[in-house]
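So you can see what is in the structure, the chains are spelled out below.
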Amino acid sequence: MSLFRDDGVVLRAQKLGEADRIITLLTRQHGKVRAVARGVRKTKSKFGARLEPFSHVDVQFFSRGSELVGRGLPLCTQVETIAPYGGSIVTDYGRYTAGTAMLETAERFAENEGEPAVQQYLLLVGGLRTLAAGVHESHLVMDAFLLRSLAVNGYGASFTDCAKCGLEGPNRFFSLPAGGVLCVDCRVPGCAVPSPETLVLLGALLSGDWRTADACEPRYWREGSGLVAAYLQWHLERGIRSMRYVEK
Ligand SMILES: [Zn+2]
């Protein structure tokens with residue numbers, strides 16, 4: 001029997017039986033953790049209210065090793081709220097949809113339970129804080145989070161220098177497999193050619209230059225969002241394919 005304590009962000013809360021929930025968290029020290037919260041679906045459960053998606057919490061877990069505790073998962077025995085980001089996120093459609101995509105992406109990148117993903121955790125906490133504050137457009141906060149999540153997981157994109165030969169930018173030919181823009185000599189068939197302003201925007205989102213990102217025209221926001229989504233999809237799908245290959 002063991003007790004452990006960690007900070008985490010609630011990614012998901014699924015029903016378990018009549019009154020319980022399985023909570024999925026991205027924690028600071030233990031990566032993705034799934035745990036059972038007992039009695040949280042009863043009305044007026046303060047415990048349950050603290051364990052809603054987007055909440056940043058300090059949790060004490062109780063693990064009984066191999067003994068079955070609700071499907072063998074640890075129990076949440078104490079929960080303290082660090083920051084209830086959900087409050088200002090779920091009441092705004094734009095924030096909610098952006099935030100949901102952020103939680104899902106964080107979970108995909110922290111797939112292996114118990115394996116620390118500290119940088120991903122810190123990015124998620126920072127991203128939700130920014131999203132909840134409502135200072136920047138929600139979709140920009142999401143795109144910045146997605147680009148940085150890709151970067152901390154080894155898929156950092158280049159939006160200025162050539163991703164292949166390093167030729168100093170600006171370069172215009174954007175390639176998903178190459179991981180960013182390519183110069184005239186390195187370009188391959190099938191490159192996208194986004195507006196130069198869009199590439200500046202994406203670089204700004206990756207580096208945290210909010211002044212540039214906020215001031216950008218909406219059409220470049222839209223083009224940038226499309227490229228970020230394609231880049232993320234490309235890596236996640238590739239991830240799934242390579243995992244299937246390993247399992248066989
Ligand atoms: Zn090149």
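Look up a bit, the structure's there.
What you are looking at is a predicted structure, and each value in this text was computed from that prediction instead of being measured.

Visitor: Help me get a handle on the environment of Leu232, residues and values and all.
Guide: Inspection of the secondary structure assignment puts Leu232 in helix H8 (residues 218-247). Residues Leu232 and Leu176, spaced 56 residues apart in sequence, show a C-alpha to C-alpha distance of 9.2 Å. Look past the residues within four positions of Leu232 in its chain and what remains in contact with it is Thr105, Phe109, Leu146 and Leu150.

Visitor: If you had to explain the nonpolar core to someone new, which residues and values would you point to?
Guide: Residues Tyr85, Met102, Leu124, Leu128 and Leu205 are the most contacted members of the largest nonpolar core, which totals 47 residues. Elements supplying a minimum of two residues to this core: strand E1 (2-16), helix H3 (93-109), helix H4 (118-133), helix H5 (138-155), helix H6 (196-207), helix H7 (210-215) and H8. Beyond its immediate chain neighbours, meaning those up to four positions away, Leu205 contacts Leu140, Asp143, Ala144, Leu147, Arg148, Trp210 and Ala213. In this structure, Ile23, Ala37, Val57 and Cys76 belong to the second largest nonpolar core, which totals 14 residues.

Visitor: How would you summarise H6 if you had to cite specific residues and measurements?
Guide: With 12 residues, H6 extends 17 Å from end C-alpha to end C-alpha; this agrees with the ideal 16 Å at 1.5 Å per step. Buried within H6 we find Thr198, Leu199, Leu201, Leu202, Ala204 and Leu205. Phi turns positive, to about 85°, at Gly208, one or two residues after H6.

Visitor: Account for the packing of aromatic side chains, with residues named and values stated.
Guide: Each aromatic ring pair is specified by the distance between its two centres and by the angle formed by the two planes. Inspection of the entire model under this criterion finds 4 aromatic pairs. Arranged with centres 4.8 Å apart and planes meeting at 25°, the rings of Phe4 and Phe61 form a pair that is stacked. Remark: Phe61 occurs in strand E4 (residues 55-63) and Phe4 occurs in strand E1; sequence separation between them is 57 residues. Exposure remark for Phe4: the relative accessible area of 21% places this residue in the partly exposed category.

Visitor: Lay out the coordination of the zinc ion in plain terms, naming residues and giving numbers.
Guide: Coordination sphere of the zinc ion, protein contribution only: Cys162 (SG), Cys165 (SG), Cys183 (SG) and Cys186 (SG), at 2.3 Å. Angles of 101 to 116° at the metal separate the 4 donor atoms of the zinc ion, which places the site in the tetrahedral class. In primary sequence terms, the donor set of the zinc ion follows C-x2-C-x17-C-x2-C. On the criterion of sequence distance, the pair formed by Cys165 in the loop between H5 and strand E6 (173-175) and Cys183 in the loop between strand E7 (180-182) and H6 is long-range, its members being 18 residues apart. Given a relative accessible area of 48%, Cys165 falls into the partly exposed group.

Visitor: An account of the side chain of Ser138 is requested, with residue identities and associated values reported.
Guide: You can see Ser138 is positioned in helix H5. Residues within four places of Ser138 in sequence aside, it is in contact with Gly94, Arg95, Ala98 and Leu131.

Visitor: Explain the pattern of salt bridges to me, using residue names and the numbers behind them.
Guide: Here the idea is simple: oppositely charged side chains can pair when their charged atoms come close. The tally for this structure, following the rule as stated, stands at 9 salt bridges. In this structure, Arg5 and Asp58 form a salt bridge, with 3.0 Å as the shortest nitrogen-oxygen distance. With Arg5 in strand E1 and Asp58 in strand E4, the pair connects residues that are 53 residues apart, well separated along the chain. On the basis of relative accessibility, which here comes to 19%, the residue Asp58 falls in the buried class. Taken together, the salt bridges that share partners define one network made up of Arg12, Lys32 and Glu107.

Visitor: Pulling in residues and values, what's your account of unusual backbone geometry?
Guide: A cis amide bond links Gly169 to the next residue, Pro170, at an omega of 5°. Its place among the elements puts Pro170 in the loop between H5 and E6. The phi angle at Phe54 is positive, at roughly 85°, despite the residue not being glycine. By secondary structure assignment, the location of Phe54 is in the loop between helix H1 (46-50) and E4.

Analysis parameters
Residues numbered from 1 in each chain as written. Predicted model: local features only at pLDDT ≥ 70, side-chain atom pairs only at ≥ 80, totals over all residues. Heavy atoms only, no water. Helix = DSSP H or I, 4+ residues; strand = E, 2+ residues; numbered from the N terminus. Contact = heavy atoms within 4.5 Å. Core = buried A, V, L, I, M, F, W, Y, C linked by side-chain atoms within 4.5 Å. Buried < 20%, exposed > 50% of the residue type's maximum accessible area, 1.4 Å probe, protein only. Expected span 1.5 Å × (residues − 1). Phe/Tyr/Trp six-rings, centres within 6.5 Å; stacked < 30°, edge-to-face > 60°. Donors = N, O, S within 2.8 Å, 3.2 Å for Na, K, Ca; no water. Tetrahedral: all angles 85-135°; square planar, octahedral: opposite > 155°, others 65-115°. Salt bridge = Lys/Arg side-chain N within 4 Å of Asp/Glu carboxyl O.

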